[in-house]
Structure formats: C-alpha cells, structure tokens
Amino acid sequence: MQPKALLSFVVLAGSAAAKTVFSAISVNGVDQGHGVGVRVPSSNNAITDVTSNNIICNTGFVQPVSTAVIPVKGGDKITAQFHHYSAGYLGPDPSDPVDPTNKGPVLAYLAAVPSATQSTVTGLKWFKIGEIGYNGSQWGSDILFINGGNVTFTIPPCIASGQYLFRAEAIALQAATSYPGAQFYMSCAQLSIEGSPSPKSPSTVSFPGAYTPSSPGIVTSLFGLSSYTTPGPSVFTC
Ligand SMILES: *[C@@H]1O[C@H](CO)[C@@H](O)[C@H](O)[C@H]1NC(C)=O
Ligand SMILES: *[C@@H]1O[C@H](CO)[C@@H](O)[C@H](O)[C@H]1NC(C)=O
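Worth saying up front: this structure is predicted, and the values here are computed from it rather than measured.

J.: Describe the UniProt feature "domain: Auxiliary Activity family 9 catalytic" (unreviewed entry) in the chain, and please don't skip the residues or the numbers.
T.: According to UniProt, the feature "domain: Auxiliary Activity family 9 catalytic" (unreviewed entry) maps to residues 20-222 in the numbering used here. Measuring from the first to the last C-alpha atom of residues 20-222 gives 19 Å, for a span that is 5% helix and 32% strand.

Given below as structure tokens:
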C-alpha cells in the first residue's frame, strides 16, 4: 500500500469509531447534573468484546465515582444523556452526541443490587426496560442524534422497590460485518426505585452472556438492511 493510501485508510478507520459516553441522567425532565449518580467512563472508546466484564458497566471511570443514588419511582421517565466526550456537552460538535453516520440501536437495562454504589457489577441479573432499534428508516442512534443525546426510558411501575443499576447503551454497527466489530458504549447509573408493593419478577440475563459473538444484531451489515433484530432479551413489560 502506498503511504498516501495507507493514510486515507487510517483516517477512514478513525472516522468509523462512533465514540460516545452516557454521563448524566434526567428524571422526568429534571437534569441531575453531570456525572451525578453515573459511573462515567473516562474514555469514549468502544467496548467490542462482548465476553469481557467491561461490557457490564464499562471501565476506567472518572474519579471520584459519584456516590449519589438517584431516587425515582416506578413510571418515572429516565433520560440517559449521551455526548461525544466524558465531560458532557462541550459546544457545537458534528459528532455530538455521536457521529451521525454511525448507526445502531439504543437500549436500557436494570439490575437489582444490594447497594447501588457497590463496585461489584459481576453476577447481576439484568432485564431490558427499553430499546430503540431500526424501523426501516430510522435507528435508535438517529433518535439520539436528533434529541441532542437524550434518550428516555420508563421505569416499569410493577418492579420491586430497592436499589438498582440502570445500564444504558448505544451500539454502533458500521464496522459490525464481522466479530468483533460492533461498538458498545454504555454506562451505569445508580438508582433507588420506589416500586410496587406487589411486584412482578422480570426474567433476567447476565452480562457478560446476554450478547455472544453470534447473537442476532451483533454481526450485521448496514448495507441493504431492511430489518434488524436488537440484541439481548425482549423488553420486560408489566
Ligand atoms: C420510523 O420512526 C420515525 C421516527 O419515529 C418515523 O418518523 C418514521 O415514519 C418511521 N418509519 C417507519 C417506516 O415506520
Ligand atoms: C437534553 O436533556 C438536557 C437535560 O434535561 C436538557 O438540558 C437539554 O435541553 C436536552 N436536549 C434536547 C435537545 O432536548
């Protein structure tokens, strides 16, 4: 390869990295503040190994990690705020919250925990509370871009009261024609949920485990795609 061709290949490869970070939440439209109650990864690099513990809540957090636990109620609207960098919104940026050419779904999960500030995130039982996949013309990532990085999910009203981790994730699929290729961007937020006195028990999955290198939606070609199966379990409904 000629040096010039190599350079343009490197530049192209660089622009194919979506790079986004979920770093703040809003509750019913009320911003909780940057990094408050969120374990914010210090790097906007993707996680690509679905078998790694880093697929759970990301890694390399901005220190100190917030000790805030955000109180919410079943039925509340939780908005995950994604931006290009860990520091949040830094002004006009064509790749904020995510490069608009980088398409993929946006998903959210909850896991009950003894303490929302516990550092241990392995062995948790996760259930999906929402997803925006692809409807034939628009991706979750398009909605994220249109909404300035905000993506909103509803806390199921029928779950048990207690402490939870809220895992919101954007997946970029432009390099997902083989594994590893899909780029996973997630953070976990610390919630205390006032749920139902007669709760239902969602069926759960593990991370790692919920996604495998051969799961639907992990290896995908965006070219000519007419439908898309979002990875992970179906969304829990009350
Ligand atoms: C996909 O969703 C967008 C935004 O909600 C909507 O404008 C569009 O009409 C939908 N397209 C299809 C094919 O359903
Ligand atoms: C996203 O949410 C934040 C915090 O609630 C808000 O300040 C901002 O205006 C929202 N952005 C858009 C484009 O709605």
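From this point, the discussion proceeds with the structure in view.
J.: A description of the sheet that holds strand E5 (residues 77-83) should follow, citing residues and the corresponding values.
T.: Read from one edge to the other, the open sheet built from 4 strands follows the order E2-E1-E5-E8, with strand pairing classed as antiparallel. At either margin of the open sheet sits one strand with a lone partner, and together these are strand E2 (30-31) and strand E8 (150-154). Where E5 meets E8, 5 bridges bridge the pair, whose relative direction is antiparallel. Across the sheet, residue Gln81 finds its bridge partner in E8, namely Asn150.

J.: For the pattern of salt bridges, give the residues involved together with the corresponding values.
T.: Under the defined criterion, the tally for this structure stands at 3 salt bridges. Across the salt bridge formed by Glu131 and Lys128, the nearest N and O atoms sit 2.6 Å from each other. Residue Glu131 is classed as partly exposed on the basis of its relative accessible area, which comes to 34%. Where Glu169 meets Arg167, a salt bridge forms, and the shortest distance between an N and an O atom there is 2.8 Å. We note that Glu169, like Arg167, is buried.

J.: Mind laying out the environment of Gly217, listing which residues take part and the relevant values?
T.: Position of Gly217 among the secondary structure elements: in the segment after strand E10 (183-194). Residue Gly217 is classed as buried on the basis of its relative accessible area of 8%. Considering only alpha carbons, one finds Gly217 and Gly104, 113 residues apart in sequence, at a separation of 9.3 Å. With sequence-adjacent residues up to four places away left out, Gly217 is seen in contact with Leu173, Tyr228, Thr229 and Pro231.

J.: Can you lay out the state of the cysteines for me, pointing to particular residues and giving the numbers?
T.: This model, assessed by the stated rule, comprises 2 disulfides. Disulfide pairing is shown between Cys57 and Cys188; the S-S distance is 2.0 Å. Where Cys57 bonds to Cys188 through sulfur, the torsion about that S-S bond is close to -85°, and the disulfide is left-handed. Highlighted residues: Cys57 in helix H2 (residues 54-57) and Cys188 in strand E10, separated in sequence by 131 residues. Just as Cys57 is buried, Cys188 falls in that class too. Each bonded cysteine in the chain gets a number by its place in the sequence, and the pairs come out as 1-3, 2-4.

What counts as what
- Residues numbered from 1 in each chain as written.
- Chains lettered and ligands numbered in written order.
- Predicted model: local features only at pLDDT ≥ 70, side-chain atom pairs only at ≥ 80, totals over all residues.
- Heavy atoms only, no water.
- UniProt positions renumbered as here; feature names shortened; annotations may be inferred.
- Helix = DSSP H or I, 4+ residues; strand = E, 2+ residues; numbered from the N terminus.
- Pairing = 2+ DSSP bridges.
- Salt bridge = Lys/Arg side-chain N within 4 Å of Asp/Glu carboxyl O.
- Buried < 20%, exposed > 50% of the residue type's maximum accessible area, 1.4 Å probe, protein only.
- Contact = heavy atoms within 4.5 Å.
- Disulfide = S-S within 2.5 Å.

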